[in-house]
Amino acid sequence: MPTTYDSVADLAAALRRAEAAHGRHEQETGPDPDWPAWYAQYMADEQAKPEASR
């Protein structure tokens, strides 16, 4: 699934949202050594959602 961002600011905002969501995830599951893959999947899933539900 292609994932693109319109600007560096949009990408940075997506990374911040992923960071916050991953923090909640780690509170439930513990440390995640594969966090880059988790961030990537979260960000791709977020972009796949319709604009209205983001």
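Above this note sits the structure.
Right, let's walk through the structure included here. Here the residue index of a chain counts from 1 through its sequence in written order. Residue-level local features of this predicted model are given only where pLDDT is at least 70; pairs of side-chain atoms are given and counted only at 80 or more, and the full residue set underlies all totals for whole chains, interfaces and linings. As a rule here, side-chain values come from all non-hydrogen atoms in the structure, and water together with hydrogens is ignored.

Before going further, it helps to spend a moment on the pattern of salt bridges. Definition used for salt bridges: Asp or Glu carboxyl oxygen within 4 Å of a side-chain nitrogen of Lys or Arg. Counted under the stated rule, the structure contains one salt bridge. Residues E46 and R17 are paired through a salt bridge, measuring 2.7 Å at the closest nitrogen-oxygen approach. Within this pair, whereas E46 is found in helix α2 (residues 35-48), its partner R17 is found in helix α1 (residues 8-29), the two being separated by 29 residues in sequence. Each helix is a run of DSSP H or I of at least 4 residues and each strand a run of E of at least 2, with the numbering of both proceeding from the N terminus.

All right, on to the packing of aromatic side chains then. Two aromatic rings from Phe, Tyr or Trp, using only the six-membered ring of Trp, form a pair when their centres are within 6.5 Å; if the ring planes differ by under 30 degrees the pair is stacked, by over 60 it is edge-to-face, and anything between is tilted. As enumerated under the stated definition, the model contains two aromatic pairs in all. When the ring of W35 is compared with that of Y39, the centres are 5.1 Å apart and the planes differ by 65°; the resulting orientation is edge-to-face. Note that W35 and Y39 are positioned in helix α2 at a spacing of four residues, about one turn of the helix. The rule is simple: take the accessible area with a 1.4 Å probe, protein chains only, and divide by the maximum for that residue type; under 20% is buried, over 50% is exposed, in between is partly exposed. What makes W35 partly exposed here is its relative accessible area of 43%. Note on Y39: relative accessible area 15%, which makes it buried. On the numbers, 5.4 Å between centres and 10° between planes, the contact of W38 with Y42 is stacked. Placement of both W38 and Y42 in helix α2 is noted, with a separation of four residues, approximately one turn of the helix. The class for W38 is partly exposed, based on a relative accessible area of 22%.

A few words now on the environment of T3. In this fold, T3 is placed in the segment before α1. Residues T3 and M43, spaced 40 residues apart in sequence, show a C-alpha to C-alpha distance of 8.0 Å. Leaving out residues up to four positions away in the same chain, T3 has contacts with M43, A44 and Q47. Residues are treated as being in contact if the distance between any of their heavy atoms lies within 4.5 Å.

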